[in-house]
Amino acid sequence: MPLSLGTLMLTGCATEPGARFSGVSEQKVLARIQHYCAGYSVGDYSLGTLLQKNDAFRALTLTLYRGEMSNDEYVDKVFSSYPAADGNVPATGCVIAQFNQCLAGDCEIKKASPNKAVSPAAGKHVAMPVAEGSEMSVSPELQAEL
């Protein structure tokens, strides 16, 4: 039964067969799924690899895109084809979330803001208190890279 609870949590805009994308190409939707979901596991494979190299998985996902099956049917078919301990819920949830975003009118891939890494600044030190009544210790100053 845990799979049933997981599939219930995934329902959204495209839950009933017949939900259709208006003006959004399948290439755009699949590119969004590839961008946001490629690293998720589906059975023993990555979702990205399956989308690129497995015609059956791609066809199954496009069946959902065309509105020919519900989200629950998609989750069940993916699980029956690619059994996994987590029921493939994270992967199929990501796919469904991307479909729902596109159905809501936001199918663009957002560019991630660059990470601001923190690294020691060469040759710079700052005094830091160690404990009351003791001398100050010296540690490297941290500098954020932009």
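Everything below is about the structure shown above.
Residues numbered from 1 in each chain as written. Predicted model: local features only at pLDDT ≥ 70, side-chain atom pairs only at ≥ 80, totals over all residues. Heavy atoms only, no water.

### Some points on the state of the cysteines
On inspection of all chains with the given rule, the structure shows two disulfides. For Cys37, the disulfide goes to Cys94, at an S-S distance of 2.0 Å. Judged by the torsion about the S-S bond (-85°), the Cys37/Cys94 disulfide is left-handed. Here Cys37 is found in helix α2 (residues 26-37), whereas its partner Cys94 is found in helix α6 (residues 89-103), with 57 residues between them in sequence. In this structure, Cys37 and Cys94 share a single accessibility class: buried. Here Cys102 engages in a disulfide with Cys107; their sulfurs sit 1.9 Å apart. (Disulfide = S-S within 2.5 Å. Helix = DSSP H or I, 4+ residues; strand = E, 2+ residues; numbered from the N terminus. Buried < 20%, exposed > 50% of the residue type's maximum accessible area, 1.4 Å probe, protein only.)

### Quick look at the side chain of Arg32
When you line up the elements, Arg32 lands in helix α2. Despite its burial, Arg32 pairs with no opposite charge; the closest candidate is Asp106, at 4.7 Å N-O. One polar contact links the side chain of Arg32 to the main-chain carbonyl oxygen of Glu108, over a distance of 2.5 Å. (Lys, Arg positive; Asp, Glu negative; His and termini not counted. Salt bridge = Lys/Arg side-chain N within 4 Å of Asp/Glu carboxyl O. Polar contact = N/O pair within 3.5 Å; in protein donor to acceptor, adjacent residues only side chain to side chain.)

### Some words on the pattern of salt bridges
Oppositely charged side chains are able to pair whenever their charged atoms sit close together. With the rule as written, the count across this model stands at three salt bridges. Residue Glu108 is joined to Lys28 by a salt bridge in which the shortest nitrogen-to-oxygen separation is 2.7 Å. With Glu108 in the loop between α6 and β3 (118-128) and Lys28 in helix α2, this pair connects stretches of sequence that are 80 residues apart. In this structure Glu108 comes out as partly exposed when scored by relative accessible area, which is 44%. Judged by its relative accessible area of 35%, Lys28 is partly exposed.

### Some remarks on the nonpolar core
If you look at the biggest cluster of nonpolar residues, it comprises 26 residues, and the most contacted ones within it are Val29, Ile33, Val42, Leu47, Phe57 and Tyr74. Elements supplying a minimum of two residues to this core: α2, α3 (47-53), α4 (55-65), α5 (71-81) and α6. Per-element accounting of this core gives the leading share, six residues, to α6. Ignoring anything within four residues of it in the chain, the contact list for Ile33 reads Ala38, Leu47, Leu51, Thr61, Val95, Gln98 and Phe99. (Core = buried A, V, L, I, M, F, W, Y, C linked by side-chain atoms within 4.5 Å. Contact = heavy atoms within 4.5 Å.)

### Looking at α2
Compared with the 16 Å implied by 1.5 Å per residue over twelve residues, the 16 Å span of α2 between its first and last C-alpha is a close match. All buried positions along α2 are accounted for by Val29, Leu30, Arg32, Ile33 and Cys37. Each buried residue of α2 sits inside an arc of 155° when the element is viewed along its axis, so together they form one side. In this fold, the buried residues of α2 make contact with α3, α4 and α6. (Expected span 1.5 Å × (residues − 1). Arc of directions from axis to C-beta.)

### So, the packing of α2 against α4
The interhelical angle for the contact between α2 and α4, taken along N-to-C directions, is 115°, at an axis separation of 11 Å. With respect to the hand of their crossing, α2 and α4 are arranged in right-handed fashion. Contacts between α2 and α4 pair Glu26, Val29, Leu30 and Ile33 from the former with Arg58, Thr61, Leu62 and Tyr65 from the latter. A per-class count over the contact of α2 with α4 returns five nonpolar, one polar and two charged. (Axes fitted to C-alpha atoms, helices over the stretch in contact; angles between N-to-C directions. Left-handed = near helix turned anticlockwise from the far one by under 90°. Nonpolar A, V, L, I, M, F, W, Y, C, P; charged D, E, K, R; others polar.)

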